[in-house]
4 protein chains.
Amino acid sequence: MNGPRLSGENLGPAATHGWRARWFHIIFHHERGPSRRFDLMLMVAIIASVIVVILDSVSGLHARWGRIFYAIEWGFTLLFTAEYLARLAVVKHPLRYARSFYGVIDLLSILPTYLSLLLPGSQALLVVRILRILRIFRVLKLMEYTEAGGMLIDALYRARRKIAVFLLAVLTLVVIFGAAMYVIEGPENGFTSIPVSMYWAIVTMATVGFGDITPLTPLGQLVTSLLILIGYGMIAVPTGIYTAELAAGLRQRRKVACPGCGLAEHEADALRCRCCGAELLAP
Amino acid sequence: MNGPRLSGENLGPAATHGWRARWFHIIFHHERGPSRRFDLMLMVAIIASVIVVILDSVSGLHARWGRIFYAIEWGFTLLFTAEYLARLAVVKHPLRYARSFYGVIDLLSILPTYLSLLLPGSQALLVVRILRILRIFRVLKLMEYTEAGGMLIDALYRARRKIAVFLLAVLTLVVIFGAAMYVIEGPENGFTSIPVSMYWAIVTMATVGFGDITPLTPLGQLVTSLLILIGYGMIAVPTGIYTAELAAGLRQRRKVACPGCGLAEHEADALRCRCCGAELLAP
Amino acid sequence: MNGPRLSGENLGPAATHGWRARWFHIIFHHERGPSRRFDLMLMVAIIASVIVVILDSVSGLHARWGRIFYAIEWGFTLLFTAEYLARLAVVKHPLRYARSFYGVIDLLSILPTYLSLLLPGSQALLVVRILRILRIFRVLKLMEYTEAGGMLIDALYRARRKIAVFLLAVLTLVVIFGAAMYVIEGPENGFTSIPVSMYWAIVTMATVGFGDITPLTPLGQLVTSLLILIGYGMIAVPTGIYTAELAAGLRQRRKVACPGCGLAEHEADALRCRCCGAELLAP
Amino acid sequence: MNGPRLSGENLGPAATHGWRARWFHIIFHHERGPSRRFDLMLMVAIIASVIVVILDSVSGLHARWGRIFYAIEWGFTLLFTAEYLARLAVVKHPLRYARSFYGVIDLLSILPTYLSLLLPGSQALLVVRILRILRIFRVLKLMEYTEAGGMLIDALYRARRKIAVFLLAVLTLVVIFGAAMYVIEGPENGFTSIPVSMYWAIVTMATVGFGDITPLTPLGQLVTSLLILIGYGMIAVPTGIYTAELAAGLRQRRKVACPGCGLAEHEADALRCRCCGAELLAP
């Protein structure tokens, strides 16, 4: 996995010995014993707190258990506050952590509860806590899922330019068809402005088709049919790009260093190095 | 086909001789003469009983032929009861069968009719009988479709970790976009709670787009467009994963080193090396 | 292209000499001079007659040009009648042609106009004429599109068993989810019967999502989410099957007969026959 | 990239020396210093003018800033007019440029503003300016995205015949199913004419499913289910075609026979045969 990662916390420990070094290991590492257990507990706490936020949004449940949810929310807020302070305490550069991607999310996920003491209602912002769920991908490193995920992300990374060109083509089509439908159908048929038409063009081209806005004139329906056929065909492009890259990644190149020149990868059935011709060792 | 199978009935026969051994063969084996015929008849009976349940749910047909359907239902129930008792009688460990996946379904598919004598209306539960249709896949072993199905399931099995990572990514996006749309659009636009928003996010991201809930604010439409583009692109991921695995499965190259020149991979049906012509060893 | 074709008119000519043999060539062959011109003219006539049927169905156009459309219709009917009679006249076994797939369509496409003299209104059946459009695929043989089409159909043919297993799995899921949603949502939410629920399940699983029927209960929305995720993932299966087969077809095997044993296809870089080891000729 | 390109402006300069030659370089070339800067500025101007057209279509913004948008529009029109005249001045054959694809778009994108002085309201035609956005793809040549885009277009080009056959099959199905649904459902259920039914068939088959027209009769729902299953399966065809071509493009094997053992295909960067180690000839 040589692709880019979500900006990690490449933050050194505050100390090499003592409790700060030990806790740095527990909090920021993911591999063994206590740090593994810490990660799993954190994961459970994050998912539980997210579930509480989700359930609290259901008006029926809020009416009945709103007070209990409120208490649990405070419990998780205090817990995450303690965790946040601990993270600040054990890293070498607390500010660098505080400004990192995960550092900002960690802070944002506890602020709303405190703010709600001053500004009633700001509690709704607690949904930000949901972003903490992204930490799951980080904790996945614990498990054997790294390789699978790595392969998926590698293929995505190798295909990034093709995907960018594809997205540019999609956006160009969206602008052109959005403007065309705005002129053809007009505000009286629901295409109230070009941005709304562009929203409709995305919904249509990606074969979602909500049906909140639909063409009513024959010409509009003709143009829509054209857009749909293009969208139906274009779905082949990201799929093709991604599949081809993934297949290229799966095609087993043998990782065997050439004893002559050191070239590290050869075709599965290669007997000799394709660079210097030296005989390769048996696998 | 080395992947996992639906937990089979690896249950020995109750006896090695006599009618129980013979009937064990007929009921639990699928290959030859009488057991093949038994399976086909069972299949016909299951599909016929499912069709009766389906037709009986149509109010027009129920009004006219409800009594006949009721009679047929009892007929199938008695038939399946006899089959269930026969299965219990001929296996070595009746309890193990009764608690197996298919054993539970077999029981559940006959219970509702008997229950309806005590509790009128519980007959609606008969739709459970539909699950018996899963036996079709088991009976497929009869036919030449095993290899095709096995290849599909093998590829699925090899890709299971990548699929799990993909589903986790989808669910994370669903939670984040669901919460965001709940905050942006709010209950007045149909996003009545985070769970409902999450349902909407799944409907949108998978390009289903019922249109029962749609964004009405400009910001909501922008976020929706983003979600749709992500979903439109992400459909490439399961497709890519599955295609790459399937293609790897189809490319049947035999890993056998040529004794002459050592070339390591040859076509599945090669007898001689395609490079030097030396005879290849039997696999 | 070794796959199966649409049942052709493998009908011998009625005579080996004279006008019948010549017209047999013109009508039933597709390759050269006059038979090629005949096919192109027939194609134009079929498409023109289909366009007239389509335009005549638009009430506005029917009101204005209905009489003209009616006249053109009779013109095409007489033309196609003459063609039909000519076909009958020049083949060896007229009955065999009359009962062939294209023979029946040819007859059905002229009958409605005559019938409309006796039964007013039966003219609507003229849309059957649209099926004549299938002849286009036959005429494609004229053009260089044969190879492209042949490759697509070959891959489809090789994948037919996998596709059958896939369709069986889809139908099983449709029955199970259809029945489940009928029980969960019930007639009051639009799921009026199991067949209607099955229709909804197909619409949902294939990510069409009309929105004419939508789940309203929380449990129904949960089950729907599950069905959608399955459908979103399952779209990978036909794509994967087809892509893998097509890729296998594209992977250039060299068509060179082995001088030793005659095996006709070898890997692109094969020097010696993989069967007998004889040296292959340079490409 | 040997596929066809959007018809370029292969127009020689008007002069080999002097300001016209210099400006020809700046305007029509894309590679270095000033011509690169000119392209980037043009791109920014095009995107800005498109954004103004888009924003001006929103009635709320038009009411508030309509006059400012009008002024900016005139600014861009004058700018693009100057650019258009400059292009005419520096090319050898001004007429050939004026009639080229981009030449026509360049003219159409400035005309509406002038027309609006004579015919009030013709300003809405300014959306044509959006087509200038296509120039982006031309400017992409500046960046390293050429290769990625080239590969995507190459695969599309190689697959063009298969795509044509596929589109023909889709259109045939659309005509047949459209006509069938018109007969089955009829105008009273929204299928008011065969063209409308064909629009519905495209919307359904491509899994868009607006829901503006839906089948209401049982037979119509059955036929719809069939159409959906066909469409769900057929999405595999363009994807399969495109993926297979793209994968074939990615697999860069060099066709060079080894002088030692004759093995015919080697990896793109191989210097020596992977079987016998003999040095390969330069390509």
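## A word on the overall build of chain A
- From N to C terminus, chain A includes 12 helices and two strands.
- Starting at the N terminus and ending at the C terminus, chain A contains elements arranged as α-α-α-α-α-α-α-α-α-α-α-α-β-β.
- Per-residue burial over chain A gives 50% buried out of 283 residues.
- Residue pairs in contact within chain A that sit at least 24 positions apart in sequence constitute 56% of those at least 6 positions apart.

## A word on the domain arrangement of chain A
- Annotation of chain A at the domain level lists domain 1 (19–139) and domain 2 (159–251).
- Each of domain 1 of chain A and domain 2 of chain A has a C-alpha centre, and the two are 39 Å apart.

## Some words on the packing of aromatic side chains
Residues and elements named next belong to chain B.
- If you walk through the whole model with that rule in mind, you get 24 aromatic pairs over all chains.
- Ring geometry for tryptophan 74 and tyrosine 114: centres 5.5 Å apart, planes at 80°, overall edge-to-face. One end of the pair, tryptophan 74, is in helix α3 (residues 59–90); the other, tyrosine 114, is in helix α6 (residues 111–118), with 40 residues separating them in the sequence.
- The class for tryptophan 74 is buried, based on a relative accessible area of 17%.
- Exposure remark for tyrosine 114: the relative accessible area of 29% places this residue in the partly exposed category.

## A closer look at a nonpolar patch on the surface
Residue and element names in this part refer to chain A.
- A contiguous nonpolar surface patch, about 790 Å² in accessible area, is contributed by Tyr70, Val104, Leu107, Leu108, Leu111, Leu115, Leu117, Leu118 and Leu119.
- Every element with two or more residues in the nonpolar patch is listed here: α5 (101–108) and α6 (111–118).
- The biggest single contributor to the nonpolar patch is α6, with four residues.
- Classification of valine 104 by relative accessible area gives partly exposed; the value is 38%.

## Some words on helix α6 (residues 111–118) of chain D
Residue and element names in this part refer to chain D.
- Of the positions making up α6, those classed as buried are Pro112, Thr113 and Ser116. For α6, the buried positions fall inside an angular range of 100° around the axis, keeping them on one side. In α6, the exposed positions angled more than 90 degrees off the buried face are occupied by Leu117 and Leu118.
- Among the structural elements, α3 (59–90) and α5 (101–108) are those in contact with the buried residues of α6.

## Quick word on the packing of helix α1 (residues 18–28) of chain A against helix α2 (residues 33–56) of chain A
Residues and elements named next belong to chain A.
- Remark: α1 packs on α2, axes separated minimally by 7 Å, with the N-to-C direction vectors making an angle of 50°. In terms of axis orientation, α1 runs oblique to α2. Helix-helix and strand crossings are classified by hand; for α1 and α2 the assignment is right-handed. Between α1, through His25, Ile26 and Ile27, and α2, the contact on the second element is made entirely by Pro34, Ser35, Phe38 and Asp39.
- Looking at side-chain class alone, the contact of α1 with α2 contains four nonpolar, two polar and one charged residues.

## A few points about the pattern of salt bridges
Residue and element names in this part refer to chain A.
- Using the criterion set out here, one finds 16 salt bridges over all chains in the structure.
- The closest approach of N and O atoms between arginine 158 and glutamate 245, which form a salt bridge, is 3.0 Å. Residue arginine 158 is located in helix α8 (residues 146–158), and its partner glutamate 245 is located in helix α12 (residues 236–250); the two are separated by 87 residues in the primary sequence.
- Glutamate 245 gets classed as buried once you look at its relative accessible area, which sits at 6%.
- A salt bridge links lysine 162 to glutamate 245; the nearest nitrogen and oxygen atoms lie 3.1 Å apart. Of this pair, lysine 162 sits in helix α9 (residues 160–185) while glutamate 245 sits in helix α12; the two residues are 83 residues apart in sequence, bridging distant segments of the chain.
- Its relative accessible area of 9% is what places lysine 162 among the buried residues.

## Side note on the nonpolar core
- Among the nonpolar cores identified, the biggest contains 263 residues, and Trp200 of chain A, Trp200 and Met234 of chain B, Trp200 of chain C together with Trp200 and Met234 of chain D are the most heavily contacted of them.
- Top contributing element to this core by residue count: helix α9 (residues 160–184) of chain D, with 11 residues.
- Those residues within four positions of methionine 234 of chain B in sequence are excluded, and the remaining contacts are Phe166, Ala169, Val170, Leu173 and Met205 of chain B together with Tyr232 of chain C.

## Focus: helix α1 (residues 18–28) of chain C
- When α1 of chain C is considered as a whole, its buried residues turn out to be Ala21, Phe24, Ile26, Ile27 and Phe28 of chain C.
- On its buried face, α1 of chain C sits against α2 (33–56), α3 (59–90) and α4 (94–98) of chain C.

## So, the side chain of threonine 224 of chain C
- One can find threonine 224 of chain C in helix α11 (residues 218–234).
- With residues up to four places along the chain from it excluded, the contact list for threonine 224 of chain C reads Tyr199 and Phe210 of chain B together with Met181, Trp200, Thr204 and Pro215 of chain C.

## Thoughts on the confidence of the model for chain A
Residue and element names in this part refer to chain A.
- When pLDDT is averaged along chain A, the result is 79, and 76% of the positions lie at 70 or above.
- Taken element by element, the predicted model of chain A shows its lowest mean pLDDT in strand β1 (residues 254–255) (56) and its highest in helix α10 (residues 194–205) (93).
- Counting interchain partners and residues more than four positions distant, the pLDDT-below-50 stretch residues 1–9 has 18 contacts.
- In the predicted complex, the global pTM is 0.83; the interface-specific ipTM is 0.80.

## Focus on the environment of aspartate 106 of chain C
All names here are of chain C.
- On the secondary structure map, aspartate 106 appears in helix α5 (residues 101–108).
- Relative accessible area serves as the criterion here: at 3%, aspartate 106 is assigned to the buried category.
- For aspartate 106 and tyrosine 157, which are 51 residues apart along the polypeptide, the C-alpha to C-alpha distance reads 27 Å.

## A few points about the packing of helix α2 (residues 33–56) of chain B against α3 of chain B
Residues and elements named next belong to chain B.
- Following both chains from N to C, one finds α2 and α3 inclined at 150°, their axes separated by 9 Å at the closest point. For the element pair α2 and α3, the recorded crossing hand is left-handed. On α3, the residues that touch Phe38, Leu42, Ala45, Ile46, Ala48, Ser49, Val52, Leu55 and Asp56 of α2 are Leu61, His62, Gly66, Phe69, Ile72, Glu73, Phe76, Leu79, Phe80, Glu83 and Arg87.
- Here the contact of α2 with α3 is composed, by residue class, of 13 nonpolar, three polar and four charged.

Parameters and conventions
Residues numbered from 1 in each chain as written. Chains lettered and ligands numbered in written order. Predicted model: local features only at pLDDT ≥ 70, side-chain atom pairs only at ≥ 80, totals over all residues. Heavy atoms only, no water. Helix = DSSP H or I, 4+ residues; strand = E, 2+ residues; numbered from the N terminus. Buried < 20%, exposed > 50% of the residue type's maximum accessible area, 1.4 Å probe, protein only. Contact = heavy atoms within 4.5 Å. Domains from an automatic or database assignment. Phe/Tyr/Trp six-rings, centres within 6.5 Å; stacked < 30°, edge-to-face > 60°. Patch = residues over 30% accessible without salt bridge, like charges linked within 9 Å, V, L, I, M, F, W, Y side chains within 5 Å. Areas by Shrake-Rupley, 256 points an atom, 1.4 Å probe, with all protein chains shown as cover. Salt bridge = Lys/Arg side-chain N within 4 Å of Asp/Glu carboxyl O. Arc of directions from axis to C-beta. Axes fitted to C-alpha atoms, helices over the stretch in contact; angles between N-to-C directions. Parallel < 35°, antiparallel > 145°, perpendicular 65-115°, else oblique. Left-handed = near helix turned anticlockwise from the far one by under 90°. Nonpolar A, V, L, I, M, F, W, Y, C, P; charged D, E, K, R; others polar. Core = buried A, V, L, I, M, F, W, Y, C linked by side-chain atoms within 4.5 Å. pLDDT = per-residue confidence, 0-100.

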